[in-house]
Amino acid sequence: MSWGTELWDQFDNLEKHTQWGIDILEKYIKFVKERTEIELSYAKQLRNLSKKYQPKKNSKEEEEYKYTSCKAFISTLNEMNDYAGQHEVISENMASQIIVDLARYVQELKQERKSNFHDGRKAQQHIETCWKQLESSKRRFERDCKEADRAQQYFEKMDADINVTKADVEKARQQAQIRHQMAEDSKADYSSILQKFNHEQHEYYHTHIPNIFQKIQEMEERRIVRMGESMKTYAEVDRQVIPIIGKCLDGIVKAAESIDQKNDSQLVIEAYKSGFEPPGDIEFEDYTQPMKRTVSDNSLSNSRGEGKPDLKFGGKSKGKLWPFIKKNKLSLKLGATPEDFSNLPPEQRRKKLQQKVDELNKEIQKEMDQRDAITKMKDVYLKNPQMGDPASLDHKLAEVSQNIEKLRLETQKFEAWLAEVEGRLPARNEQARRQSGLYDSQNPPTVNNCAQDRESPDGSYTEEQNQESEVKVLATDFDDEFDDEEPLPAIGTCKALYTFEGQNEGTISVVEGETLYVIEEDKGDGWTRIRRNEDEEGYVPTSYVEVCLDKNAKGAKTYI
């Protein structure tokens, strides 16, 4: 099966077919090129997607990613980033192993095709030239034969005419002989050219064209094989990244399996635990019949604790059960957070202080490393003065030492606050439990005592105050007594050190230098309850006021 023998007369069709084969190859190259562009675009979109959902550094969002489910999500984003990298590998390998290789091969193929068909056309032109020579020789032979025949007929005519001179007859005879000789020469020339043409034609159809067409056939078959190999490479490039993509997917599955719902629940506790005890039971206050307490002033004073007024007349307490109402100060957004985090519940304050201490220790270590490096450099300069002036480092060394000292003082300050918080909480909680037991043992359930359970303005419960005993007096109008409440008694005074704008519900604005009454001291939450007059009372940050408690106060002033 050879194109040279089977398709000896299909030169033009073979030329079209081989051009079509090159077009198909270029079309395949274009297809692979577009595939690489799609892979690059897909990889870029995956990377942008992964980057978009990565938590921002040094932001609140980054702190939220301590939960195992969020960590698994971060792992998924990282694996997707690696997954995108494999699509970039696909694009690069296809470009280098297919596109570049085939583009170079197409140029070689075009050159080879051009050379083969150039030889074919040259052979065609040669055989066409031989054919034209044969036709010319044939026409000349035919013309000379006709001329010789006419000359012979003219001679015979002249020879038969008695009126023609002998000289004319001889001339006609000689002319006829010349024409016959010319015809013979043309015949010989025609015969020679015919034999030559037949030889050239045989060579053309049995040697030259078969060889040229055989080269074209081999060229076309190489193109087909090369295209098949490129398709295999196309599949192999994809196959090579499948194991790595599988590892990426396995990483996502492993991250999902690492999610621990119990651990996340514990982290929620650690993040939001206030450290306070929940409020105790509320005593039933019986208003159906007036009654007088038989508890003595001394017992009241002991149960309430030193510095608290023991009697309160005229109504129920204005102390609020903050955990059960919406008027909490978790929603407070002050202009600046106190440096000691006194606006936070004890547990959260402890965590913030511990975090601050750790940060300061890291900064100290960093500065110390820098100091050591400068010291070593100074030693090198001392040993090798040509490398630098040791005195030039003294200023930098002094600056670093000064920074270390500042950081250490700052650390000591925060460590003192941390020790205060860590030392206060257990003692206060234990005291609350002891007081609760004392209350149960000294006060039967039938006595109408009301424990002043309160929560701080930031929404966390403060410990139960020392049990306050209220002595209710006989009221002439029960409804009036029920509706009107006596304000909390003042337990001391305070002076505003700074101006505070109480813009949130439950707070009160104060002006620097202003003197007000304290009706509830700080319970560890960083807030003090004060009163300006009968209708104006609220909470202010403890760090904003200087408190002076009246430890002998019993008959409390109600307002200024």
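## Focus: the overall build of the protein chain
Then step 1. Of the regular secondary structure elements, the protein chain holds ten helices and five strands.
Then step 2. Of the accessible surface of the protein chain, which amounts to about 34500 Å², a share of 51% is contributed by carbon and sulfur atoms.

## Let's talk about the environment of Gln124
Then step 1. Here Gln124 shows up in helix H4 (residues 68–160).
Then step 2. Sequence-wise, Gln124 and His208 are 84 residues apart; in three dimensions their C-alpha atoms are separated by 9.6 Å.
Then step 3. If we skip the residues at most four places from it in the chain, Gln124 touches Phe11 and Tyr204.

## Regarding the side chain of Glu39
Then step 1. For Glu39, the position within the fold is in helix H2 (residues 11–52).
Then step 2. A polar side-chain atom of Glu39 sits 2.5 Å from a polar atom in the side chain of His87.
Then step 3. The residues touching Glu39, leaving out its near neighbours within four places in the chain, are His87, Ile90 and Ser91.

## Focus: the confidence of the model for the protein chain
Then step 1. Across the protein chain, the average pLDDT comes to 78, with 78% of residues at or above 70.
Then step 2. When mean pLDDT is taken per element in the protein chain, H2 scores highest with 94 and helix H7 (residues 297–304) scores lowest with 41.
Then step 3. For residues 426–484, every residue scores under 50 in pLDDT, and the model assigns this stretch 133 contacts once sequence neighbours within four places are set aside.
Then step 4. Counted against residues more than four places away or in other chains, residues 554–560, with its pLDDT under 50, gives 22 contacts.

## Some remarks on the sheet that holds strand S4 (residues 536–541)
Then step 1. Read from one edge to the other, the open sheet built from five strands follows the order S4-S3-S2-S1-S5, with strand pairing classed as antiparallel. Only two strands of the sheet have a single partner each, and these edge strands are S4 and strand S5 (545–549). Across the sheet, the mean angle separating the axes of adjacent strands is 40° when strand polarity is ignored.
Then step 2. Here strand S3 (residues 527–533) pairs with S4 via six bridges, running antiparallel. Counterpart to Ile530 in the pairing with S4 is Gly538.

## A short note on helix H6 (residues 261–272)
Then step 1. In a regular helix each residue adds 1.5 Å, so twelve residues correspond to 16 Å; H6 covers 17 Å between its end C-alpha atoms and thus fits that length.
Then step 2. Taken residue by residue, H6 has Asp264, Leu267 and Ala271 as its buried positions. All buried residues of H6 project into a common sector of 55° when viewed along the axis, lining one side.
Then step 3. Contacts made by the buried residues of H6 are with H4 and helix H8 (346–383).
Then step 4. Where H6 starts, the residue carrying a side-chain oxygen 3.1 Å from the main-chain nitrogen of Lys262 turns out to be Asp260.

## Points about the nonpolar core
Then step 1. With 40 residues, the main nonpolar core has Leu25, Tyr28, Val32, Met94, Ile98, Phe213 and Ile216 as its most contacted residues.
Then step 2. The set of elements that each furnish at least two residues to this core consists of H2, H4 and helix H5 (166–257).
Then step 3. Counting residues per element, this core draws most heavily on H4, which supplies 16 residues.
Then step 4. Every residue in contact with Tyr28, bar those within four places of it in the chain, is listed here: Ile98, Leu102, Met227, Ser230, Met231 and Tyr234.

## Focus on a nonpolar patch on the surface
Then step 1. Residues Leu49, Tyr53 and Phe73 make up a contiguous nonpolar surface patch of roughly 280 Å² in combined accessible area.
Then step 2. Within the fold, Tyr53 resides in the loop between H2 and helix H3 (60–64).

## Some remarks on the pattern of salt bridges
Then step 1. Following the criterion strictly, the structure yields 23 salt bridges and no others.
Then step 2. Taking the shortest distance from any N to any O, the salt bridge between Asp101 and Arg226 comes out at 3.1 Å. Pair noted here: Asp101 is in helix H4 and Arg226 is in helix H5, with a separation of 125 residues, a long-range link.
Then step 3. Look at Arg226 and you get partly exposed, because its relative accessible area is 23%.
Then step 4. Across the salt bridge formed by Arg532 and Glu536, the nearest N and O atoms sit 3.1 Å from each other.

## As for the pairing of S3
Then step 1. Most of S3 sits inside the fold, with six of its seven residues counted as buried.
Then step 2. Note: strand S2 (residues 515–520) against S3, three bridges, orientation antiparallel. Among the inter-strand pairings, Val518 is bridged to a residue of S3, identified as Ile530.
Then step 3. If you look at the hairpin formed by S2 and S3, you'll find six residues sitting between the two strands, and Gly524 has a positive phi there, around 100°.
Then step 4. If you look at the hairpin formed by S3 and S4, you'll find two residues sitting between the two strands.

Thresholds, definitions, all that
Throughout this document, residue positions are counted from 1 along each chain, in the order its sequence is written. Totals for whole chains, interfaces and linings use all residues, but because this is a predicted model, local features are given only for residues with pLDDT of at least 70 and pairs of side-chain atoms are given and counted only at 80 or more. Side-chain numbers come from the whole structure's heavy atoms, not from hydrogens or water. Numbering of helices and strands starts at the N terminus; helices are DSSP runs of H or I of at least 4 residues and strands are runs of E of at least 2. To be clear on the numbers: accessible area is Shrake-Rupley with a 1.4 Å probe, and residue cover counts the displayed protein chains and nothing else. Residues are treated as being in contact if the distance between any of their heavy atoms lies within 4.5 Å. Here a polar contact means two N or O atoms within 3.5 Å. Within protein one must be a hydrogen donor candidate and the other an acceptor candidate, and residues neighboring in sequence count only if both atoms are side-chain atoms. Every residue carries a pLDDT, the predictor's confidence in it, which falls somewhere between 0 and 100. What makes two strands pair is DSSP finding at least two bridges between them. Axis definition: a line fitted to C-alpha atoms, over the contacting stretch in the case of helices. Angles run 0 to 180 degrees between N-to-C directions. A helix is expected to span 1.5 Å for every residue after the first. Any residue under 20% of the maximum accessible area for its type is buried, any over 50% is exposed, and the rest in between are partly exposed; the area is computed with a 1.4 Å probe on protein chains only. For this quantity, the arc is that covered by the directions from the helix axis to the C-beta atoms. Nine residue types can take part in a nonpolar core, namely buried Ala, Val, Leu, Ile, Met, Phe, Trp, Tyr and Cys, and a core is a set of them joined through side-chain atoms within 4.5 Å. Exposure above 30% relative accessible area and the lack of any salt bridge qualify a residue for a patch; like charges then connect within 9 Å, and the nonpolar side chains Val, Leu, Ile, Met, Phe, Trp and Tyr within 5 Å. Just to be clear on terms, a salt bridge is a Lys or Arg side-chain nitrogen sitting within 4 Å of an Asp or Glu carboxyl oxygen.

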